[in-house]
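Tertiary structure, described
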Amino acid sequence: MSANKTFYCLRCQHRFPVAHDPKQVAERSCPKCGSNSVRLETPAAVAAKQEGD
Ligand SMILES: [Zn+2]
């Protein structure tokens, strides 16, 4: 079973849900700009983004 996680793109800041399966390591890319610089959005990441805005 997989859970939906929110990832965000470091390049365009687009946020998107990903069906995250721990057993499957897949390279993820931004559906908007195609960048593979995407990170799992964590509370710390959200706070850091807001602080830097
Ligand atoms: Zn992007």
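Residues numbered from 1 in each chain as written. Predicted model: local features only at pLDDT ≥ 70, side-chain atom pairs only at ≥ 80, totals over all residues.

On to the overall build of the chain, then. A tally of helices and strands in the chain yields one helix and three strands. Taken from the N to the C terminus, the helices and strands of the chain come in the order β-β-β-α. Within the chain, the fraction of its 53 residues that count as buried is 8%. Of the contacts made within the chain by residues no fewer than 6 positions apart, 35% connect residues no fewer than 24 positions apart. (Helix = DSSP H or I, 4+ residues; strand = E, 2+ residues; numbered from the N terminus. Buried ≥ 20, exposed ≤ 12 C-beta atoms within 10 Å, placed from the backbone. Contact = placed C-beta atoms within 7 Å.)

We note that Gln-13 has phi near 70°; this positive angle belongs to a residue other than glycine. Taking the number of C-beta atoms within 10 Å as the measure of exposure, Gln-13 has 12 and is therefore exposed.

Attention now goes to the environment of Lys-32. Relative to the assigned elements, Lys-32 resides in the loop between strand S2 (15–20) and strand S3 (38–40). Separated by 20 residues in sequence, Lys-32 and Cys-12 have C-alpha atoms that sit 8.1 Å apart. With residues up to four places along the chain from it excluded, the contact list for Lys-32 reads Cys-9, Cys-12 and His-14.

Take the environment of Leu-10 next. Along the chain, Leu-10 falls in the loop between strand S1 (3–9) and S2. For Leu-10, a count of 13 C-beta atoms within 10 Å puts it in the partly exposed group. Spatially, the C-alpha atom of Leu-10 lies 5.8 Å from that of Val-38, the residues being 28 residues apart in sequence. If near-sequence neighbours (up to four positions away) are discounted, Leu-10 is found in contact with Ser-37, Val-38 and Arg-39.

Here the chain averages 83 in pLDDT, and 85% of its residues register 70 or above. Looking over the chain, one finds the lowest element-wise mean pLDDT in helix H1 (residues 43–51), namely 74, and the highest in S3, namely 90. (pLDDT = per-residue confidence, 0-100.)

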